[in-house]
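# Secondary and tertiary structure notes
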Amino acid sequence: MLGRQGRALMRQPIWIAILIVEPIVWITLFSQLFRRIVELPGFETDSYIQFLTPGIVVMAAFFSASWSGWNMLMDHDRGVLERFLATRVSRFAIVVSQVLRSSIIGVIKALLLVGIAHALGARVTAGFAGWLVLLLAAALISSVFAGISHTIALVVRSQDTLVAFVSFYALPLTFFSTSLIAEELMPVWMQWAARFNPVNWAVMAARETMSTTTDWSAIGFWLGLLVAGSVATALLATHAFRSYQRTL
Amino acid sequence: MNAIEVEALEKTYPKGIRALDGVSFAVCEGEVFGLLGPNGAGKSTTVKILATLTTADAGRAVVAGRDVRVDANAVRQVIGYVPQQSGVDREATGRENLTLQGRIQGRRGPALRRRVEELLERLDLTAAADRLVKTYSGGMKRRLDIGLGLVHDPAVVYLDEPTTGLDPEARVAMWAELERLVQEERLTVLLTTHYLEEAERLTDRLAIVSRGAVVVEGTPDALKSSLRGDAVTVELGERSAEAAAGIVAALAGVEEAQAHERVLRARVADGRKAVPEILSALEAGGIAVATVTVARPSLDDVYMRFTGRDFRAEDEAST
């Protein structure tokens, strides 16, 4: 099932081109726009790109995963889903292959982004293990939002409504996190809200790998939350899929 | 053993729409069984229950010895479901579609490769096998759909409205294709259709479904014979139909004779025997005949007889 997703993506050259160009545009735009922000107190580094890279990695992953429910709706509209459901293929595999695809895209984007940031002078201070944590954070946040996206898609069953939902939550969730800005610079109520935001969990884990001192127990804590979040949204999506089946 | 046994299935959809109202029928191994009825009669709902996509509120359905409710996964392994709406993956090639479907159904390795090759050949898709499906014509897509249902050599194949949406030319080609496949693959088929002609041409036996229940069941010929006899239409040379009707009605083997202006319609036990007798009786009575036609009753007539409703009017009313 995953192979099918992979082949479909490789057949879209424009999609691949955007996949590669998008992180470059983001990282250069944001790092130029907010370059002087690190002059404010609260940043532990004087290089904004060093600060920004983990945030952009997470943002790229969770944005693209948020759209993944679209594929399920395409399969629904084109009768592919119904065909699969009349076979003995595991219902779990139908959902999980979609989530895995999102995670893999998230990891590929993360690799590209960190590579570009490296060329621009940002460094992963925690070494090889740090790279792994970064990629894992990208994979997990993708999985959390792929689960959410599929749940929405299977409940509303309309591409337009899915677009509305994702556009509605994507930017606020970014702002309710330390993706772009240091925690101390956020209003207190937003700092508080950020603690419940999976996007922030992923940013916190990822940023540890690029800070001067790496707190591995903090990484463990945030990654643990992300794993729990992934499991929860995967269960939610599976549940939504079951009720979808009942309405056929 | 019967390939499919369906007993008193009932289903009501959430908005109170009564889709099935006690459907029962049985399909023998090796036959092509048709469910014929107008749109909205409950054919697709029946097939969806048999394909484990939805469940019935009451009643029982057994496919190849496995109950669809109790043993859904076992049923899925032995059925090939070709849905009314195409389920092909447009972003993949024909070969990839067939291979993935085969793998999903538990086939692997060289055996699967050979099977895919064989099906591509039989469905006349070998030349297009490595093209993306979105470049296929409607008929090619439909053939691939059927291939997807056959890739794992299922014990029973469901063809839900296999030619709906095809133009008349492609439909006739598809009929020939299906007839050949049924032979070559020795298939047991449950076919639903709202084309009387299709049911007549493809099925060994059929059940006429109307408003969620089976109205009558039998071979196409037996159903038509149940109307007893043929229809003879005589066009007369002059406006002497009343007299002609009197003459013809008196003949042995004529059950009914009606006249309207220059046309005489008679229902007779056996058209081949009756026509010469009618012609000589009319000649003796001095009535000139322009044309004579004999027709076996059609399934339209059967539908009308058993439901009291006109098939085409019913079909159009519900679309």
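### What about the overall build of chain B?
In terms of regular secondary structure, chain B is built from 12 helices and 14 strands. Sequence-distant contacts in chain B: of pairs separated by 6 or more residues, those separated by 24 or more amount to 68%. As presented, chain B carries roughly 14400 Å² of accessible surface, and 49% of it is formed by carbon and sulfur atoms. Between the mean site of the 41 positive side-chain charges and the mean site of the 49 negative ones, chain B shows a separation of 6 Å.

### Some thoughts on the environment of arginine 131 of chain B
All names here are of chain B. Within the fold, arginine 131 resides in the loop between helix H4 (109–122) and helix H5 (138–150). For the pair arginine 131 and threonine 93, spaced 38 residues apart in the sequence, the C-alpha separation amounts to 5.1 Å. Ignoring sequence-local partners within four residues, the contact set of arginine 131 consists of Ala92, Thr93, Gly94, Tyr136 and Met140.

### A closer look at the sheet that holds strand S11 (residues 230–236) of chain B
All names here are of chain B. Read across the open sheet, the four strands follow the order S12-S13-S11-S14; overall the sheet is antiparallel. Of all strands in the sheet, those with a lone pairing partner are strand S12 (254–260) and strand S14 (289–295), marking the two edges. In this sheet, neighbouring strand axes are inclined to one another by 15° on average, regardless of whether the strands run parallel or antiparallel. As paired strands, S11 and S14 are joined by six bridges and run antiparallel to one another. Looking across to S14, one finds that leucine 236 is bridged to valine 289. Contacting S11, S12 and strand S13 (263–268), helix H9 (residues 241–249) runs over the sheet at an angle of about 180° to S12.

### Describing the packing of H5 of chain B against helix H6 (residues 168–185) of chain B
All names here are of chain B. Relative orientation of the contacting elements H5 and H6 amounts to 20°, with a least axis distance of 12 Å. By the angle between their directions, the pair H5 and H6 is classed as roughly parallel. For H5 against H6, the interelement crossing comes out right-handed. When H5 is examined against H6, the residues Gly139, Arg142, Arg143, Ile146 and Leu150 are found in contact with a partner set consisting of Met174, Glu177, Leu178, Leu181 and Glu185. The residue inventory of the contact of H5 with H6, partitioned by class, reads five nonpolar, one polar and four charged.

### Things to note about a positive patch on the surface
A grouping of Arg88 of chain A together with Arg103, Arg107 and Arg108 of chain B is seen on the molecular surface, where their side chains present a positively charged patch. Among the structural elements, arginine 88 of chain A can be located in the loop between helix H5 (80–85) and helix H6 (91–119). Overall, the relative accessible area of 30% leaves arginine 88 of chain A in the partly exposed class.

### Remarks on the side chain of asparagine 200 of chain A
By the secondary structure assignment, asparagine 200 of chain A is in helix H10 (residues 198–208). Contact partners of asparagine 200 of chain A, with chain neighbours within four places excluded, come to Phe176, Ser177, Thr178 and Ala194 of chain A.

### Concerning the sheet that holds strand S4 (residues 58–63) of chain B
Residue and element names in this part refer to chain B. If you trace the four strands from one edge of the open sheet to the other, you get S2-S1-S4-S5, paired in antiparallel fashion. Each edge of the open sheet is held by one strand with a lone partner, namely strand S2 (18–28) and strand S5 (66–67). Examined bridge by bridge, strand S1 (residues 2–12) and S2 share eight bridges and lie antiparallel to one another. Bridge pairing links valine 6 to phenylalanine 25 in S2. In this fold helix H1 (residues 43–50) packs onto S1, S2 and S4, with an angle of close to 65° to the strand it touches most, S2.

Rules used in this analysis
Residues numbered from 1 in each chain as written. Chains lettered and ligands numbered in written order. Predicted model: local features only at pLDDT ≥ 70, side-chain atom pairs only at ≥ 80, totals over all residues. Heavy atoms only, no water. Helix = DSSP H or I, 4+ residues; strand = E, 2+ residues; numbered from the N terminus. Contact = heavy atoms within 4.5 Å. Areas by Shrake-Rupley, 256 points an atom, 1.4 Å probe, with all protein chains shown as cover. Lys, Arg positive; Asp, Glu negative; His and termini not counted. Charge placed at Lys NZ, Arg CZ, Asp CG, Glu CD. Pairing = 2+ DSSP bridges. Axes fitted to C-alpha atoms, helices over the stretch in contact; angles between N-to-C directions. Parallel < 35°, antiparallel > 145°, perpendicular 65-115°, else oblique. Left-handed = near helix turned anticlockwise from the far one by under 90°. Nonpolar A, V, L, I, M, F, W, Y, C, P; charged D, E, K, R; others polar. Patch = residues over 30% accessible without salt bridge, like charges linked within 9 Å, V, L, I, M, F, W, Y side chains within 5 Å. Salt bridge = Lys/Arg side-chain N within 4 Å of Asp/Glu carboxyl O. Buried < 20%, exposed > 50% of the residue type's maximum accessible area, 1.4 Å probe, protein only.

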